[in-house]
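Listed here are the chains, written in short residue letters.
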Amino acid sequence: MSQSSNTPYDALEVGQTASYSKTVSERDIQLFAEVSGDHNPVHLDAEYAATTMFKERIAHGMFSGALISAAVACELPGPGTIYIGQTMRFTAPVKLGDTLTVRLEILEKLPKFRVRVATRVFNQNDEMVVDGEAEILAPRKAQTVELTKLPPITIG
């Protein structure tokens, strides 16, 4: 099992950064389509996607959003963080096989444990694919938690 520690509000500093990376696989696209219900053929059908402006299949935009959520929940501030809001602007398509890196930066500490966080996602070529910002409620005290290991998931 792996562990994740948080950074409580009092220890957060403006300019503090963290990152989280994941390579987008065929399995990720299929699982995300199943969980979200978004079966748009631009994500799932290569023949259809070839007729679009992208010329090939692309990942769901909100897949990048889910990675931002994982980065905030598991990296910075980490466990105990509560999401209040998120803005996202999709600046480039994400393709199968891309390695995405979420880069978080603490922008501002607000009253009542609220924090503004820059949430940007880059591909392996350092091109920004998502530009965004989150407002979160930071944890009040330090903690380390065991991350839950999922059982094998099959699509059927």
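Values in this document were obtained by computation on a predicted structure and should not be read as measured data. (Residues numbered from 1 in each chain as written. Predicted model: local features only at pLDDT ≥ 70, side-chain atom pairs only at ≥ 80, totals over all residues. Heavy atoms only, no water.)

> Hey, could you go over the environment of alanine 142 for me, with residue numbers and the actual values?
With respect to the element layout, alanine 142 can be found in the loop between β6 (128-137) and β7 (144-146). What makes alanine 142 exposed here is its relative accessible area of 60%. For the pair formed by alanine 142 and glycine 80, sequence separation is 62 residues and the distance between their alpha carbons is 8.9 Å. Discounting chain neighbours no more than four positions away, the residues touching alanine 142 are Asn6 and Pro8. (Helix = DSSP H or I, 4+ residues; strand = E, 2+ residues; numbered from the N terminus. Buried < 20%, exposed > 50% of the residue type's maximum accessible area, 1.4 Å probe, protein only. Contact = heavy atoms within 4.5 Å.)

> Just give me the short version of helix α1 (residues 26-36), but keep the residues and values in it.
When α1 is considered as a whole, its buried residues turn out to be Asp28, Ile29, Leu31, Phe32 and Ala33. Downstream of α1 by one or two residues, glycine 37 has phi in the positive range, about 85°.

> Summarise helix α4 (residues 61-74); cite the residues concerned and give the values.
What sets the pattern is the α-helix's 3.6 residues per turn: residues three or four places apart point alike. Taking 1.5 Å per residue, 14 residues should reach 20 Å; α4 reaches 21 Å between its end C-alpha atoms and fits that length. Residues Phe63, Ser64, Gly65, Leu67, Ile68, Ala71 and Val72 constitute the buried set of α4. (Expected span 1.5 Å × (residues − 1).)

> How would you explain unusual backbone geometry if you had to name every residue and give the values?
Going from leucine 76 to proline 77, the amide bond is cis rather than trans, its omega being 0°. Phi is positive for lysine 112, close to 60°, though the residue is something other than glycine. Inspection of the secondary structure puts lysine 112 in the loop between β4 (99-109) and β5 (114-122). One non-glycine residue, phenylalanine 113, adopts positive backbone phi at about 70°. Among the structural elements, phenylalanine 113 can be located in the loop between β4 and β5.

> How would you explain the UniProt feature "domain: MaoC-like" (unreviewed entry) in the chain if you had to name every residue and give the values?
Under the local residue numbering, the UniProt record ascribes the feature "domain: MaoC-like" (unreviewed entry) to residues 18-118. Helix and strand shares over residues 18-118 are 33% and 31% respectively, and the end C-alpha atoms of the span are 11 Å apart. (UniProt positions renumbered as here; feature names shortened; annotations may be inferred.)

> Residues and numbers for the packing of aromatic side chains, please.
By the definition in use, this model includes two aromatic pairs. Summarising the aromatic geometry, the rings of tyrosine 9 and phenylalanine 113 are spaced 5.2 Å apart at their centres and angled 70° between planes, so their arrangement reads as edge-to-face. Here phenylalanine 113 lies in the loop between β4 and β5 and tyrosine 9 lies in the loop between β1 (3-5) and β2 (17-23), a separation of 104 residues in the sequence. Judged by its relative accessible area of 23%, phenylalanine 113 is partly exposed. Above the plane of the ring of tyrosine 9 lies lysine 109, whose end atom (NZ or CZ) is 4.5 Å from the centre. (Phe/Tyr/Trp six-rings, centres within 6.5 Å; stacked < 30°, edge-to-face > 60°. Lys NZ or Arg CZ within 6 Å of the ring centre and 35° of its normal.)

> Describe in detail the side chain of aspartate 98, supporting the description with residues and values.
Tracing the backbone through its elements, the reader meets aspartate 98 in the loop between β3 (82-90) and β4. One buried charged residue, aspartate 98, remains without a salt bridge, the closest side chain of opposite sign being lysine 95 at 6.8 Å. Among the polar contacts made by the side chain of aspartate 98, one reaches the main-chain amide nitrogen of lysine 95 at a distance of 2.9 Å. Leave out the neighbours within four places in its chain, and aspartate 98 touches Lys22, Thr23, Val24, Pro93, Asn123 and Gln124. (Lys, Arg positive; Asp, Glu negative; His and termini not counted. Salt bridge = Lys/Arg side-chain N within 4 Å of Asp/Glu carboxyl O. Polar contact = N/O pair within 3.5 Å; in protein donor to acceptor, adjacent residues only side chain to side chain.)

> An account of the pairing of β6 is requested, with residue identities and associated values reported.
Bridging between β3 and β6 involves eight bridges; their strand directions are antiparallel. By the bridge assignment for β6, glycine 85 is matched with glutamate 135. The sheet contact formed by β5 and β6 spans nine bridges and is antiparallel. Of the residues in β6, the one forming a bridge with arginine 116 is glutamate 135. Linking β5 to β6, which pair antiparallel, is a turn of five residues; within it aspartate 126 sits at a positive phi near 65°. (Pairing = 2+ DSSP bridges.)

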